[in-house]
Structure formats: C-alpha cells, structure tokens
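Listed below, chain by chain, are the residues.
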Number of protein chains: 2
Amino acid sequence: MITINDIAKLAGVSRTTVSRVINNSGYISEKSRKRVMDAIAETGFVPSQHAKSLRTKQTKIIGVILPKISTDTSSRTVDGMTEVFEAQGYQILLTRTNLDREKEIEHLRLLQNRQVDGIILIATNTSQELVDEIKDSKVPVVVVGQEIHDVPSIIFDDYAAARHMTQLMIEKGRRHIGYIGVDEEDRSVGVLRKQGYTDAMAAHGLHMEDAWIQKGDFSIDSGYAAMERMMLASYERLDAVFAATDRMGLGAWKYLKRHGFDIPGDIAVVGIGASETSHFIDPALTTIEYAHAQAGRESALVMLQVLQDEKEFCDKKVLDFNLVERDSL
Amino acid sequence: MITINDIAKLAGVSRTTVSRVINNSGYISEKSRKRVMDAIAETGFVPSQHAKSLRTKQTKIIGVILPKISTDTSSRTVDGMTEVFEAQGYQILLTRTNLDREKEIEHLRLLQNRQVDGIILIATNTSQELVDEIKDSKVPVVVVGQEIHDVPSIIFDDYAAARHMTQLMIEKGRRHIGYIGVDEEDRSVGVLRKQGYTDAMAAHGLHMEDAWIQKGDFSIDSGYAAMERMMLASYERLDAVFAATDRMGLGAWKYLKRHGFDIPGDIAVVGIGASETSHFIDPALTTIEYAHAQAGRESALVMLQVLQDEKEFCDKKVLDFNLVERDSL
DNA sequence: CTGAAAGCGCTTACAG
DNA sequence: CTGAAAGCGCTTACAG
C-alpha cells in the first residue's frame, strides 16, 4: 500500500506538505504542489480515509436504515437523499430491517460503530426502546416517516391524507367503505391513516362493521388476503375499500378483478402511495401521492444542517400530499 | 468520546486485555473478562471501526455501484446481496451513477478511497477505460450484468433470452416484429439482446425494416417515444414489438393502448425483466424473468470467496432466465 | 511557505 | 493469563 510517506519521499517534501496539497489547505509553493501532484499521479496514491477519519472524527458517510429495499417508497426516498448527499461528497451506507423492529435498534448501534457522521432512519414504529436508542445515539439521527418527539422528523400528514381520501369516497356516493390497514405499532400508517378513515366515516354518520376493518403487512399478498376476509365476513355489501398502502390496494384490486367484480362499478378501490404499478393497471388506482423523493432530499438537508451547526435542530417537517384521481373510484 | 483506554482504566487492566475481550481472542481470565464487560456496559463503549480498520486493513464494507436506485432490477439485486452480506457482518456502501459512464469510473475510485473491502459494480458498459480502472483496483471487483474478461462476472444469457423470445413470437405467427433497444455501449442489453432478435429473424428469413429498430434509454417515456417513431415511420404494418426491457415495453404498451390498438390482437408487445408492473397491466406483459435477487446473492458469494481465498476467482457465472408467458402475445 | 512531532484509537507480536 | 510498546496513515498546532 502506498502512503503519504511514500509520496513525501518521492516528491522530496515533508508529509505535512503532502497533506496540505491533498486537502488544499494552507500556503504552498507552486513548485512543491507540482512535485507532489506528479508523485501522486505517478503512483496512483489515494489517501486512507480511515487514518483521516481517525484524526478528523469525520467520515462523510451517512447510515441509512430502511424497512425494505425493493419498494417504490424506499427507492424514491433513497434517490432523493443521494441527490443532495452526492453533491456534498457524502456517501450512503445502506441497511435494511425487513420490517423487523429489533433490527432497527440493532442497526442503529451497528452504524454508530461504523462511525458514520449521521443516521437517517425510515422508521416503521415509535416504540420507547427505539426512541431511547435514538436519544442515546452519539451521532445525529433524522427520522423519516414517523414523528418522534425531540428528534428531527420528516413526515407526511397521514391523518389528513386518509381523511381526505375517505371524504372523497363519501362525496362520490360510497357508503359502505372497508379499510385495509397495518399493525398499530406503526403510528403513521397503522394509527393515523386509520383514524383519518374512521373519523371521516363518523363525521358523516356512517356505520362501520368490524369485518370492514382488516389488517395486512404491507405486501401485495396480504392485501389480497385482507380483501378476501372482508368480502367473506362482511354482512352488508361493500361499495368501496380503502387500502392504507398502494401495494395492499393492488392486492385487493387483484382479488376483486379475479372474482369478477367491476371496479369501480361494484366496488371502488383506493390506496396511498402512487406506486408505479398503480398508474398502469386498468382501471388505474385512485391514490394519494407522497413526495418521497422530496422527503429524501429534506432529510438529507436537515442532516447536513445539524452536522454543520451542531445545534440541535428538533423541528418536524410535514410534507404535502397530492390526490391523484384516476379510474378506480 | 470514550475509548479503549478509558475502559482499561475503569476495569483496572491493560488495553491489550480490553482488546482481547472485545475481539474474543486469546486467553483471558474470567475475572478480567467480567470487569471489562461491566465497564463496557456501564459506559456504552463501542470500539472505533476506523482505528481498527487502520490496523487490520479490513472494513467489512462492500461498495456497490448501481446505474439507478429506483428500478426493480437494482432493488432486487441489492436485496439479494444484502441477504448474504448481512449474515457475514458486512455492510453495503451504495452509490449510483444515473447511467453516467464517467461516474462509474469516478465511483470506482471514490470507493477505494473509502477503503471498502470490495466493490460490486452493476455495469452498463464495457468500455476500455472502465476495464482498465477495474484492473487497477486495489480491492477486488465483481461485475454484475456485463461480461468483462478476467474479472469475475455474474451475467444473464441476454443473447439466448432475446433469441428465445423472438422465436416465440415467430412461432405464434408474428412476422413484422419491431425492436426497441438501447445504446450499443451497453453490450449486454444494447448488443446481445438485439443480436438475439436479429439472428432469430434472419434464421426465419424474416425481413426487417430500418424503422423497426428503435432506441430508448431504459425509461418508460423513451419506450413510448420509440414506439411512436416506429409506428409513424414504418412502411409495413407491424404485428409485434419486442422491447429490450420491461420499462420500455411498458412505454410501448402505453402508446399502443392510448392510440386504440388491440394488444395482442393488432400487435403483440413483449419485454424482458418481469417487473412488478408488467404483471398487473391488462393485458399482462409476456416477458422474461431474470433472477436478479439470485444475481445479487451470487455476486456477494463470489466476493466473499475472493476475499477469503485471496486467489483470483476469474470465472463468469451465467444465470438462467425464465420465460413468462402472459397475455400480450 | 515548510517541517518535526504529537496524537487519533486500535491490534499484535513479544516477553514475561 | 497479562502488559508495554510499536505502529497503522493521517492531520494539525507550533515554530521557524
């Protein structure tokens, strides 16, 4: 391995000088600079980031914890983050939890070992353990998708979005509206979206059967199964179903198509997420678009800010949503 | 920051001893171990990975270079890699090139600075510069998606897949078959798939008009535009179109639907990739499934092997493909 | 404009 | 079973 010492020797200067030209800091004569540059070019020397980090306590690496890699939500978010980090010379260390809550905590620890400068967590719950772990973190943490008190968070207005969507269905004359949600440990998706739905229903004096509220696990298949349970168990005839995520909505959609229902004639299907697939199916899914790429960008921006100012930036940032009316309602 | 020295002091032992218990190496009395463990628990000490890497020359981080983050191909591949790396305690440093060839080279360099243990490159070209850069790399490189001589590569049999698909169209009675490809700098997708198509056509003595062969840039929109050009410029009536990727196929499909063509009655559309969306559209896209997750897993396995044996593992591995017949042909 | 020296937090022969 | 010491490759006051 070739080191700064080799370059110093080759260029006939001290390693201090080499360090200066590498980092472009302090005064340096043109002559020295050139000799060092030549030596570097000749040898293909690249400075060791570890030695550097050991001194400077800075790695220019941001750890990112995601629930799943292969979903539209994750990839759009990461895409947005990459955009701003790249321009600042930061890189991203990626880990996934596969929706395992324990792993969120485990990865939070692991990433600190890696001495990342900061951690962005796409969170799926707000358990006390998680909160404690975040608060104990030696490096700044920014959370996306869940609101955590005293921690900078980028969130969407899940309650308003779900309420808005439910309202829309009611305005369009739907009365018997089912709901496919997720576990309530996920506050944003499991609690707030559901509440938006139930509140809107209640506000209009609409009754909900127990069987109308089903749970999935974010997957397409679970949406399919939830839809099936709903149809089999419900006493009154449903005329609409609201899935908390597009993927589960897709599953419901598939079940209904396969069983000969007319969408939206017999029953409407709507989701949240504006996934790519939701746009191409026929009838195309009415859904709500979240600006995931923007959430990624914002989270990166906030991280950069915290990193620079050192001051605790504890705000939350609520991003807009956008109703995408298509043909399934 | 709390360091190994603090622990040593607290536990009343030398830092050598602390190092031993951290790494579980060498003999150690139960008494010493316990005192060190207690001190660690009490302080929440985590060893600096940088200091460690500086000594051991090992980081347990693998750099991954992707063209795009938010595509099914990338996310499935990364998902597969993560699966095997995670079990071995490796983590992934992610970078994307946005299909910019220069960035592939730039990131190759950047990642070496980061002192990653190895680099997995999802390549989109096989230019001499890229090959040179790979050969110069100080850390092992594994390539996915392109075959590069003397570098371990995980590839798909693009030629056979495309030829097979074209054959199928011909067997089904199609004679006027258009093709939407990509730039030929991409050997796998741009050259081999196209050749599979032209060879199959030629083998059956089928004529191809110039206008039948169009290029896109992997995006859905580019597929749409290519389809449009093809329809406008071609003299004879097409009865099928083969897109080199599902995304472009989706674009073509959209164009045809929007312009009132019956798929597959008037014209068949097929692709390669088995993207999620391709399955849900109506008519569902006939396509070829590549085992991307497996490619990810294999690439990780090969990397681990190279890392352990230190011996140059220069084989290429060709993964199977799988025809998925649906309704668009 | 330049260099000698200390130090970042670890690991690893070596000696006991 | 344990510790003193050297060294990994850098950066950064400090002195000149």
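An unreviewed UniProt entry annotates chain A as LacI family transcriptional regulator of Salinicoccus cyprini.

With that out of the way, let us pick up the domain arrangement of chain A. The domain boundaries assigned to chain A delineate domain 1 (4-47), domain 2 (56-156 + 292-319) and domain 3 (158-290). Centre-to-centre, using C-alpha coordinates, domain 1 of chain A lies 37 Å away from domain 2 of chain A.

Looking now at the sheet that holds strand S2 (residues 91-96) of chain B. Spatial strand order, S11(A)-S5(A)-S4(A)-S3(A)-S1(A)-S2(A)-S2(B)-S1(B)-S3(B)-S4(B)-S5(B)-S11(B): twelve strands in an open sheet with mixed pairing. The sheet is open, and its two borders are formed by strand S11 (316-319) of chain A together with strand S11 (316-319) of chain B, each paired with just one other strand. The mean inter-strand angle of the sheet, taken between neighbouring strand axes irrespective of direction, is 20 degrees. Pairing of strand S1 (residues 61-66) of chain A with strand S3 (residues 118-122) of chain A, which is carried by four bridges, proceeds in the parallel orientation. By the bridge assignment, Ile65(A) is partnered in S3(A) with Leu121(A). The sheet contacts of helix H6 (residues 101-113) of chain A involve S1, strand S2 (91-96) and S3 of chain A together with S2 of chain B, and relative to S1(A) the element is tilted by about 170 degrees. Here helix H6 (residues 101-113) of chain B sits on the sheet in contact with S2 of chain A together with strand S1 (61-66), S2 and strand S3 (118-122) of chain B, set at roughly 170 degrees to S1(B).

To continue, consider the pairing of strand S6 (residues 177-181) of chain B. All names here are of chain B. S6 sits mainly inside the fold: five of its five residues count as buried. The sheet contact formed by S6 and strand S8 (residues 240-243) spans four bridges and is parallel. Considered in S8, the bridge of Gly178 is made with Val241. Across three bridges, the pairing between S6 and strand S7 (residues 213-215) is parallel. By the bridge assignment for S7, Tyr179 is matched with Ile213. Where the polypeptide runs from S6 across helix H9 (residues 187-203) and back to S7, its parallel neighbour, the crossover connection is right-handed.

This paragraph deals with helix H3 (residues 30-43) of chain A. Residues and elements named next belong to chain A. Taking 1.5 Å per residue, 14 residues should reach 20 Å; H3 reaches 20 Å between its end C-alpha atoms and fits that length. Turning to H3, its buried residues are Ser32, Val36, Ala39 and Ile40. When H3 is viewed along its axis, its buried side chains cluster within an angular range of 100 degrees and face the same direction. Exposed side of H3, more than 90 degrees from the buried face: Glu30, Lys31, Ala41 and Glu42 are the residues found there. Buried residues belonging to H3 abut helix H1 (4-11) and helix H2 (15-23).

Reading the values: the criteria
Residues numbered from 1 in each chain as written. Chains lettered and ligands numbered in written order. Predicted model: local features only at pLDDT ≥ 70, side-chain atom pairs only at ≥ 80, totals over all residues. Heavy atoms only, no water. Domains from an automatic or database assignment. Pairing = 2+ DSSP bridges. Helix = DSSP H or I, 4+ residues; strand = E, 2+ residues; numbered from the N terminus. Axes fitted to C-alpha atoms, helices over the stretch in contact; angles between N-to-C directions. Contact = heavy atoms within 4.5 Å. Buried < 20%, exposed > 50% of the residue type's maximum accessible area, 1.4 Å probe, protein only. Right-handed = clockwise from strand over helix to strand, strands pointing away. Expected span 1.5 Å × (residues − 1). Arc of directions from axis to C-beta.

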